[in-house]
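Notes for the structure review
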Amino acid sequence: MIALPQPLSYAAYLECARCKREYSLAELQNFATCCHQPLVVKYDYMPGFFKEDLLFREKTMWRYYEMLPVFERKNIVSLGEGMTPLLPLENLAARHGFADLLLKDESFNPTGSFKARGISMAVSKAKELGVERCIVPTAGNAGGALAAYCAKAGIACTVVMPAHTPEIFKQECLLYGAELILVNGLISDCAKKVEELKKSQSYFDVSTLKEPYRLEGKKTMGYEIAEQLDWQLPDVILYPTGGGTGLIGIWKAFQEMLRMGWIKARLPRMIAVQSVNCAPIEVALRDPLHWKDHFTAQPSLANGLAVPYPFGMDMMLEVLQASNGSVVSVSEEDIVAGVKEIASAEGILAAPEGAAVWKALLQLRNRGLIDPADKILLLNTGSGYKYLENLQ
Ligand SMILES: *Cc1c(COP(=O)(O)O)cnc(C)c1O
Ligand SMILES: [Zn+2]
């Protein structure tokens, strides 16, 4: 590996996503208490970071270290996350008349999902800031990832997960040496349990967007999409949305690359894909102020999509608006059918969340809302192997 300059990162400060008030990077932070919104990492671009610099870098998400928030190399906790393949879905494209259909396959990540990106970043920063014990409410994949990266970092880990989650998500946490607590309900009920546990013991809470760094890990998908497409972005990106970190993160990466002159506008339309069983974005788009008053949700076999009250809702709505995007919801039957279609046509066993994205694309095409001549990029966020129990 090539010796890296010090300091590694151009990270400058944190800011409140709403009022832009500044918070210090030097201490542990959760969210912006001024507006009860996520905190966002802001960078100094002055010293210069050029896309040509990437040429001989390692094939992980850490290749973008200047635009990531870790200051010392020794604090990076990595299991090889990122630089996942961008696969052309030639058979599905031919069958359904799409000109240019790509899948960014995040199932290649450690612990079998893209949660590895965010958690690698959060655990690295937790290590840098001296955290000894982490806790997370999870729909499944974030718990396994946190357990694995905490094991590597020597940090204690507690995972709080819905009891109905497939067995493998529980077993992996235990194998990685985490404490596992099961709750009857959805991830929002797990979050309540986390709040309760935090009263009696000190934990660092790495809930989605309630600490600033998982977002920085997830944004590397945006950098990779640009780099792997030789800096020519797709016309449309479809993303399976739960807490929304990936949606917000990919968009943040695009803004940063615009400022650095790495890419040019127009940016892709961002499409959030949800499960019909839990579709808060649809409700919030219609009624941004009071949607929570009349919202109900059920579990989904795409566990990662069952996030009833995402903390980053306002940021997601901003991305959809700024990108001229939209939201689509997919039924449970369609999700199962989608897993089978992708597997039998392409040899890829996608997570139900990834399959939802494929079915959402067909819905948009049938409603005339997507041009099949466009360059379309789908995200498969995890491995279907972890969900076999859900698919029987
Ligand atoms: C967590 C998860 C999602 C949702 O990701 P967010 O960034 O929280 O929106 C989608 N797919 C899979 C497989 C997940 O584990
Ligand atoms: Zn604020």
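This structure is a prediction, so every number in the text was calculated from the model and none was measured.

The full count for this structure, using the stated rule, is 3 cavities of 30 Å³ or more. The volume enclosed by the largest cavity comes to roughly 280 Å³. The wall of the largest cavity is formed by 26 residues, among which Phe114, Lys115, Gly242, Gly243 and Gly304 lie closest to the centre. Listing elements by their share of the lining of the largest cavity, those giving two or more residues are helix H3 (141–153), helix H6 (214–228) and strand S10 (236–240). Residues belonging to the lining of the largest cavity are distributed by class as follows: 10 nonpolar, 12 polar and 4 charged. Looking at which domains feed residues into the lining of the largest cavity, each of domain 2 (86–112 + 214–391) and domain 3 (115–205) gives three or more.

Two elements in contact, H6 and helix H7 (residues 245–260), have axes separated by 7 Å at closest approach and are oriented at 60 degrees. By the angle between their axes, H6 is oblique relative to H7. Considering only the axes of H6 and H7, their crossing is right-handed. Residues Arg214, Leu215, Glu216, Lys218, Lys219, Met221, Gly222, Tyr223, Ile225 and Ala226 of H6 form the contact with H7, whose own contacting residues are Thr245, Gly246, Ile248, Gly249, Ile250, Lys252, Ala253, Phe254, Glu256, Met257 and Met260.

This brings us to the packing of aromatic side chains. Evaluated as defined, the whole model comprises 12 aromatic pairs. Measuring from ring centre to ring centre gives 5.2 Å for Phe169 and Tyr387, while their planes differ by 80 degrees; the resulting arrangement is edge-to-face. Here Phe169 is found in helix H4 (residues 167–175), whereas its partner Tyr387 is found in the loop between strand S13 (375–380) and helix H12 (388–391), with 218 residues between them in sequence. Like Phe169, the residue Tyr387 is buried in the burial classification. For the pair Phe295 and Tyr309, a centre-to-centre distance of 5.8 Å together with 80 degrees between the ring planes defines the contact as edge-to-face. Of this pair, Phe295 sits in the loop between helix H8 (280–286) and helix H9 (313–322) while Tyr309 is found in the loop between H8 and H9, placing the two residues 14 residues apart along the sequence. Among the residues examined, Tyr309 registers a relative accessible area of 39% and is labelled partly exposed. A network of ring pairs unites the aromatic residues Phe49, Tyr64, Tyr223, Trp231 and Trp262 as a single cluster. Arg21 extends its terminal NZ or CZ atom over the ring of Tyr23, reaching a point 5.2 Å from the ring centre. Over the ring of Phe114 we find Lys218, and its NZ or CZ is 3.8 Å from the ring centre.

All right, on to unusual backbone geometry then. A cis geometry characterises the amide bond from Ala265 onward to Arg266, with omega recorded as 10 degrees. Relative to the helices and strands, Arg266 resides in the loop between H7 and strand S11 (269–275). Phi is positive for Asn324, close to 60 degrees, though the residue is something other than glycine. Topologically, Asn324 is positioned in the loop between H9 and strand S12 (326–330). The exposure class of Asn324 is exposed, given its relative accessible area of 57%.

So, how was this worked out
Residues numbered from 1 in each chain as written. Chains lettered and ligands numbered in written order. Predicted model: local features only at pLDDT ≥ 70, side-chain atom pairs only at ≥ 80, totals over all residues. Heavy atoms only, no water. 1 Å grid on protein atoms, 1.4 Å probe; cavity = no way out; pocket = protein on both sides within 12 Å on 5 of 7 lines; lining within 4 Å. Points joined across faces, edges and corners; volume = space filled by probe spheres on them. Helix = DSSP H or I, 4+ residues; strand = E, 2+ residues; numbered from the N terminus. Nonpolar A, V, L, I, M, F, W, Y, C, P; charged D, E, K, R; others polar. Domains from an automatic or database assignment. Axes fitted to C-alpha atoms, helices over the stretch in contact; angles between N-to-C directions. Parallel < 35°, antiparallel > 145°, perpendicular 65-115°, else oblique. Left-handed = near helix turned anticlockwise from the far one by under 90°. Contact = heavy atoms within 4.5 Å. Phe/Tyr/Trp six-rings, centres within 6.5 Å; stacked < 30°, edge-to-face > 60°. Buried < 20%, exposed > 50% of the residue type's maximum accessible area, 1.4 Å probe, protein only. Lys NZ or Arg CZ within 6 Å of the ring centre and 35° of its normal.

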